[in-house]
Each structure stands twice: as structure tokens, then as C-alpha cells.
Amino acid sequence: MSATGQRTTKTVTKRRQRRRAWVGYPDSELLQLRLSDLGLRFEGSVLERRVKRLHRELADRGIRFKPHAWLSSEWFSPDGVPGIAIPFYLAHPRLMKLEAKKMLEVEGGTAASCMRVLRHEAGHAIDTAFRLHFKKSWRETFGHYSQPYPKYYRPKPNSRSFVLHLEAWYAQAHPAEDWAETFAIWLTPRSNWRQQYRDWPAALQKLEYVDELMRQIAGRSPAVTSRVKVEPLSQLKKTLAQHYRWKTKRYGAEWPEFYDRDLRRLFSDDGRYARRPTAASFLRSIRREIRETVAEWTGAHPYTVDHVLQDMIDHCRRLKLRMARSPNRAKTEAVILLTVHTMNCLLAGRHEIPV
Ligand SMILES: [Zn+2]
């Protein structure tokens, strides 16, 4: 490399370090930054390597299509553009930490879960690239692509007509998601889907359809080749605080303040109880038992009850609460609290999972 080249590299590195001053910021300061000011890049990141891995998986199946990818605010594959938007927080550990704190989970945060979501999005992208959902056979297998996304959906956890790939029985949300989930299972190396779904005839039929369709398009060039990047990070002027206000509202992950008050009444963060078991570990130890009891008496699906219970456990952990009364009494009151919040959830329609 020439001397000039070295100087350029040094300048770029310095500039990047200046841009990443936010790594050491406390959350309150970090949240004031605009997404576009984070200075994150897809190129050269671990995400670029994962997308290349996705491309290899497609090539191994004889598919010539390579979806492009870019950083944005969320996971999505835009209508009409055969590419994949990846959420910015996955590009830096400091932002993954913030995501975990705000949303209680980091979707795609591990290499394995990131690949799972990428394969799902690749399903949408390949559908767009080859205009697959216009085929009659596609419609007959998955349903009408143009039907509106429901505001909420009520999954049937015992259905054997849909594959299980992402969480929350997502294939049941919409024909487009059913397709993407089925494609993702088909694409996953060593997923052994014929064996895995041998007792699920309706789901297996969809997988066989994907297999046949992919055989047909193997070696062919896509019909839609746009490389447009929709809502790229560099153009998103909202602050992280604004982004998370929107996101917590959309996912209903906002835990009303008075729930915390209830938890403080049932457990305690007083130093007197510092040697007692934590509230979170106590709730986990009775999780199954109280979930079944509350589900039986409220008529709510155990998934709904478990969701509320998981929120309770997460918040007990965050509030550093410990046992302050006898296990028997704590259990009785935890059951009542769980029942009340489950009923609130049912009445508010929050038990159905937002798409
Ligand atoms: Zn999807």
C-alpha cells in the first residue's frame, strides 16, 4: 500500500472513532441521537458476512438470485423490491444492549437467530424477484397474497397446517408469511423437513410445493432486479428515543406503571430481604403450575398467561425484587395478580400478537 493509502486509512479510522463516541454514552444521551447520526455501515459488518452466507445457501440450491441488504430501523422486505432491510441495532453491541433493555429481547441477536430471520426475509425477497405469488398454484397453496394483514391474529398453536420457524406461529399471520416461513424451513441446511413434518400432511404439502417451485426457477435470472434501498438508516432522522417510543407502543411491550406498583406490594426491594430468594426465581419455580391454573379458570390460552407471566418475571428482575412473605402466601397472591393482568390483557385485546 502507498504512503497516501496509509494516510487515508488512518484518517478514515479516526473519523470513524469520532463518530462512534456514543459507544460510551449512558442510555439517556444515546437516546437523543438520530438514527442517521449513528454512522453505522452494513459493508464490512458481521451482518454482511451473514448475508453472504445466505447467498451461499441459495447458491447451494441452484438459485442464482442474491438479495441485497441494508441497514434500516426494522426487519422487512419492501413491496416490489427484492431485498432485505436489517435493523441497525444488530450492527453494534452497544445498540443490541439498548434494544434488549427497551424491548426485552433482541430479534436476530445471535448468529443462529439472525440467519433464521434472514431466511424468512429471503422468502419474501425471492417471491418479489420471481413474482411467485402471481401464480395460480401459489394462491392455491398459500391463499390470497393481497388479503389485508390483520391488525391482530389468533394463532392456533395445535395446527399442523403451518410450519414452525419464527416464534408465535407466525406462518398463520398471512399467506405471505406462511410462504416466507415455509421457504425458510426449506432453505435451512440440514432442516430435514421431510422427516420433521412427515405427520403434518398440510404443512408437508406446502414444503413439497416450495421444493418443486425452486427446482423450476433454479438457474433462472430474476424478473425484478431493483437494487433500491428503502428507508436506509442514513436517511432516518428520528432519534432513538422517538424510535423506541413508537416500537414499544407497536409491540405492546410497554408495561403499565401500576403493574410495577403491584409487584412491589407482593415482593420487596428492601435491604432486609437481601438474602431471600429473588422474586423472579420464585415465579419461575411455580411458573407451570400457576400458568395452568390461571389458564383453566380464565379460559385464556396458556400462551397468553405465560406471556403475562414472563412480563412479571422480567419486571421483578429489573426491579431487583425479593421474597418478603411466606412462599404459600406469595403463591396465592401471585395467582391472583396473574389472573387480574391476564383478564386485563384479554379485555384490551392485547393477547393477540401484533404482526
Ligand atoms: Zn415476514
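What you are looking at is a predicted structure, and each value in this text was computed from that prediction instead of being measured. (Residues numbered from 1 in each chain as written. Predicted model: local features only at pLDDT ≥ 70, side-chain atom pairs only at ≥ 80, totals over all residues. Heavy atoms only, no water.)

Its 17 residues place the ends of helix α9 (residues 201-217) 25 Å apart at the C-alpha level, agreeing with the 24 Å of an ideal helix rising 1.5 Å per residue. Within α9, the full set of buried residues consists of Ala-203, Leu-204, Lys-206, Leu-207, Tyr-209, Val-210, Asp-211, Leu-213, Met-214 and Ile-217. Contacts from the buried residues of α9 go to α5 (111-130), α6 (136-142), α7 (175-187) and α8 (193-196). Gly-219 lies just past α9 and shows a positive phi near 80°. (Helix = DSSP H or I, 4+ residues; strand = E, 2+ residues; numbered from the N terminus. Expected span 1.5 Å × (residues − 1). Buried < 20%, exposed > 50% of the residue type's maximum accessible area, 1.4 Å probe, protein only. Contact = heavy atoms within 4.5 Å.)

Turning next to the side chain of Glu-121. Relative to the elements of secondary structure, Glu-121 occurs in helix α5. Exposure remark for Glu-121: the relative accessible area of 7% places this residue in the buried category. Setting aside chain neighbours within four positions, we find Glu-121 in contact with Trp-75, Phe-76, Ser-77 and Ile-84.

On to the nonpolar core. Counting residues in each nonpolar core, the largest one holds 63 residues, and the members touching the most others are Ile-86, Phe-88, Ile-126, Trp-179, Phe-183, Met-214 and Leu-240. Here this core gets nine residues from one element, more than from any other, and that element is α5. If we ignore the near neighbours within four places in the chain, the residues touching Leu-240 are Leu-30, Leu-31, Leu-33, Leu-35, Leu-38, Phe-88, Leu-95 and Leu-98. Core analysis: the second largest hydrophobic core is formed by 25 residues, Leu-266, Ala-280, Ile-286 and Val-294 among them. (Core = buried A, V, L, I, M, F, W, Y, C linked by side-chain atoms within 4.5 Å.)

On to the confidence of the model for the protein, then. Mean pLDDT over the protein works out to 86, with 84% of the residues at or above the 70 mark. Segment residues 1-8 is flagged for pLDDT under 50; beyond a separation of four residues in sequence, or across chains, it makes two contacts in the model. Counted against residues more than four places away or in other chains, residues 349-355, with its pLDDT under 50, gives 28 contacts. (pLDDT = per-residue confidence, 0-100.)

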